[in-house]
Amino acid sequence: MTPAALSHSRAEAFPANWLKRIGFALLFLYVLYAMSTLEITWERFVTGLGHADEFFGRMWPPNFEATKLDLLKTGMIESIQIAILATFVGVLLSLPLGLLAARNLMPEWVSWTARGTIALCRSFHPIVVAILFVKAVGFGALAGILALIVASMGFISKLFAEAIEEMSLKQVEAVRATGASFWGVLVMGVLPQVMARFIGFAAYQLDSNLRNSTMVGIVGGGGIGATLFTAYQRFDYDFVLTILMAIVAIIMVSEIASGWLRKVFQ
Amino acid sequence: MSTGENAVAPRTWEAHSRGERLARFAVYLVTVAAVIWSARFVEIIPEFLYDAPQQTVDLFRRMWPFDWSHYPKAVHAALIETFHIATLGTLLALVLAAPVALMAARNITRSRALNLFATFILVSSRSVNSLIWALLFVAIFGPGALAGVLAIAFRSIGFVGKLLAEAIEEAREGPIEALKATGASPASLLIKGYWPQIEPSFWAVALFRWDINIRESAVLGLVGAGGIGVALEAALSNLYWDQVGLILAVIFAVVIVVEIFTSAIRKRII
């Protein structure tokens, strides 16, 4: 057999996928089209970069004056308090809501009502919920707390319900067979199987609430976001940088802490 | 061990060791202390609370009926803009996150310092909220969609990059070694060895983030970064609550449609 014939008999190692190439081409065309409708142009980008130079010049060096640090500390502590309270109440409310939404434990009409509530909590961005709560209960930390409670309920209940639906029903049946009451089944059959994951979700939510509590202040929900927004509006960009650095640092610490928390309950 | 010994001292069964119980107890204690501390010192003004139910009822009464005539005037175009911002932002994030993910993946970049540096970029991107990213980009590029796209992209780098780096680290070594044995260049290793393995999770992550970004880009306009949030901000500051209600209903509808759409695609590709 000649070498040429041999190479013919083999399938090509990496055949061209024309469907995929056309897909990428269409995606590229879409990007061009969307950029033209949004009036994103190269000139605008370059002009912006000139501003960026000035902007960073005013940001650097970060402002560490004692009065500013005091403001930073007050705002940060309030953010942490908002996050802790919102997570705590959110988790407490998610426990029953998640149970009600689990389709393998509850009758259909109950689980669908609970699922509808969860979907409603999830579909609005926390900032929109915060706007509504600022109108309802006024400016301050309470509006932020309430908004983040809603967000926590949407997130934790959904994952919790899914965790319950994935659990093994054998243990539940075993407990039921002993003649246990509904509460007995719940406490001895269901919770031991899903509690570790639930605490994992709660730890993650504490993290996420801390992140979001830096933001609700922009619409009047208290916390470090309010401090940041005020500094931004007064063009105190060097203080803005200080606040941003503090936020990144605290989120890093909280990520490490929540990782540790998950390990404890594994 | 003799059986006699077992018979004398009945074994006690414990689910957790002493250390585990102590750690858990410490967590409970810290939780309770933290909640009490927060509840005592957080500033809540009770006077504002008395008329809260009344204010809430008032809010919804002013929202209904929606001002439908406002939709073709200002909301529709803003909605399309929001869609473009979310999509372009997600695509830009994918492009920017890929090199950072490669740098963070320990099986590709064999330098601990570079891994840590990449992780630092990813964490910073995630810890700054998209609204705060938007503030920064509005200050640099001025109000408009460009700031929105960049805010969405920079916020998403952390999320996409982290999940991509994990997918890369989970890639099997077999195909890579086979390619290495043929003398493939590092670029071919990436394109023909790693990419086919991580492609499904790459698109799943992209889809997931796009879903989130539609929600996020709907509020970026509050700080002037384009999209339907600009219309929301205008309606809010003019106290046109019937327009606010309409815009919230539109956002709700879009989020539901996008969620149904993405979960349908997810079912097909996974």
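Keep in mind it's a predicted model, so treat the numbers as computed, not measured.

## Things to note about the overall build of chain B
Scanning chain B from N- to C-terminus turns up twelve helices and zero strands. Seen in sequence order, chain B has helices and strands lined up from the N terminus as α-α-α-α-α-α-α-α-α-α-α-α. In terms of overall dimensions, chain B is more spread out than a globule: its C-alpha atoms have a radius of gyration of 26 Å, far above the 18 Å expected for 270 residues. Reported as C-alpha extents along the three principal axes, the dimensions of chain B are approximately 85 × 65 × 35 Å. Out of the 270 residues in chain B, the part that is buried amounts to 45%. Counting contacts in chain B only where the partners sit at least 6 residues apart, residues at least 24 apart contribute 71% of the total. For chain B, the computed accessible surface area is about 14300 Å², with 68% contributed by carbon and sulfur atoms.

## Considering helix 6 (residues 112-127) of chain B
In a regular helix each residue adds 1.5 Å, so 16 residues correspond to 22 Å; helix 6 of chain B covers 22 Å between its end C-alpha atoms and thus fits that length. Residues B:Asn115, B:Ala118, B:Leu122, B:Val123, B:Ser124, B:Ser125, B:Arg126 and B:Ser127 constitute the buried set of helix 6 of chain B. Considering only its buried residues, helix 6 of chain B is in contact with helix 9 (182-213) and helix 11 (237-264) of chain A together with helix 5 (70-104), helix 7 (130-141) and helix 8 (145-169) of chain B.

## A look at the nonpolar core
Residues A:Val240 and B:Ile228 are the most contacted members of the largest nonpolar core, which totals 100 residues. Of the residues forming this core, the biggest block, ten residues, is contributed by helix 7 of chain B. When neighbours within four sequence positions are excluded, B:Ile228 is seen to be in contact with B:Val75, B:Ala78, B:Leu79, B:Thr82, B:Ala218, B:Ile247, B:Val250 and B:Ile251. Core analysis: the second largest hydrophobic core is formed by 24 residues, B:Leu122, B:Phe159, B:Tyr194 and B:Phe202 among them.

## What about the pattern of salt bridges?
Residue and element names in this part refer to chain B. Applying the stated criterion across every chain, the model contains 17 salt bridges over all chains. Residue Glu166 pairs with Lys162 through a salt bridge whose shortest N-O separation is 4.0 Å. Separated by four residues within a single helix, Glu166 and Lys162 lie in helix 8, roughly one turn from each other. A salt bridge links Glu259 to Arg215, with the shortest nitrogen-to-oxygen separation between them at 2.8 Å.

## Regarding the domain arrangement of chain A
The assigned domain composition of chain A is domain 1 (13-59) and domain 2 (66-264). Each of domain 1 of chain A and domain 2 of chain A was reduced to a C-alpha centroid, and the two centroids are 35 Å apart.

## As for the confidence of the model for chain B
Residues and elements named next belong to chain B. In this model, chain B carries an average pLDDT of 86, and 96% of its residues clear a pLDDT of 70 or more. Helix 1 (residues 3-8) is the least confidently modelled element of chain B, averaging 52 in pLDDT, while helix 8 averages 92, the highest of any element. Confidence estimates for the predicted assembly give a pTM of 0.82 and an ipTM of 0.79.

## A look at the side chain of A:Arg211
In this structure, A:Arg211 sits in helix 9. Given a relative accessible area of 7%, A:Arg211 falls into the buried group. Dropping the residues within four chain positions of it, A:Arg211 is found in contact with A:Ile251, A:Glu255, B:Arg126, B:Ser127, B:Asn129 and B:Arg155.

## Description of a nonpolar patch on the surface
Residues and elements named next belong to chain A. On the surface, a nonpolar cluster with roughly 530 Å² of combined accessible area is contributed by Ile22, Leu26, Phe28, Leu29 and Leu32. Locating Leu26 in the fold gives a position in helix 2 (residues 18-37). A residue is classified by how much of its surface remains accessible, and Leu26, at 54% relative accessible area, is exposed.

## Overview of the environment of A:Met252
Mapped onto the fold, A:Met252 is located in helix 11. For A:Met252, a relative accessible area of 25% translates into the label partly exposed. Spatially, the C-alpha atoms of A:Met252 and A:Gly225 are 18 Å apart, while their sequence positions differ by 27 residues. If near-sequence neighbours (up to four positions away) are discounted, A:Met252 is found in contact with B:Phe120 and B:Val123.

## Structural notes on the interface of chain B and chain A
At the interface, 63 residues of chain B touch 67 residues of chain A. Interface of chain B and chain A: buried area, both sides summed, is about 5800 Å²; carbon and sulfur atoms make up 76% of it. Our count for the chain B to chain A interface comes out at four salt bridges. At the junction of chain B with chain A, the criterion picks out ten residue pairs in polar contact (both at pLDDT 80 or more). Considering every element that reaches the side of chain B that touches chain A, the biggest residue donor is helix 2 (residues 18-41) of chain B, with ten residues. In terms of residue class, the side of chain B that touches chain A is made up of 43 nonpolar, nine polar and eleven charged.

Procedures and definitions
- Residues numbered from 1 in each chain as written.
- Chains lettered and ligands numbered in written order.
- Predicted model: local features only at pLDDT ≥ 70, side-chain atom pairs only at ≥ 80, totals over all residues.
- Heavy atoms only, no water.
- Helix = DSSP H or I, 4+ residues; strand = E, 2+ residues; numbered from the N terminus.
- Rg over C-alpha atoms; globule rule 2.2 N^0.38 Å.
- Buried < 20%, exposed > 50% of the residue type's maximum accessible area, 1.4 Å probe, protein only.
- Contact = heavy atoms within 4.5 Å.
- Areas by Shrake-Rupley, 256 points an atom, 1.4 Å probe, with all protein chains shown as cover.
- Expected span 1.5 Å × (residues − 1).
- Core = buried A, V, L, I, M, F, W, Y, C linked by side-chain atoms within 4.5 Å.
- Salt bridge = Lys/Arg side-chain N within 4 Å of Asp/Glu carboxyl O.
- Domains from an automatic or database assignment.
- pLDDT = per-residue confidence, 0-100.
- Patch = residues over 30% accessible without salt bridge, like charges linked within 9 Å, V, L, I, M, F, W, Y side chains within 5 Å.
- Buried area = accessible area lost by both parts, 1.4 Å probe.
- Polar contact = N/O pair within 3.5 Å; in protein donor to acceptor, adjacent residues only side chain to side chain.
- Nonpolar A, V, L, I, M, F, W, Y, C, P; charged D, E, K, R; others polar.

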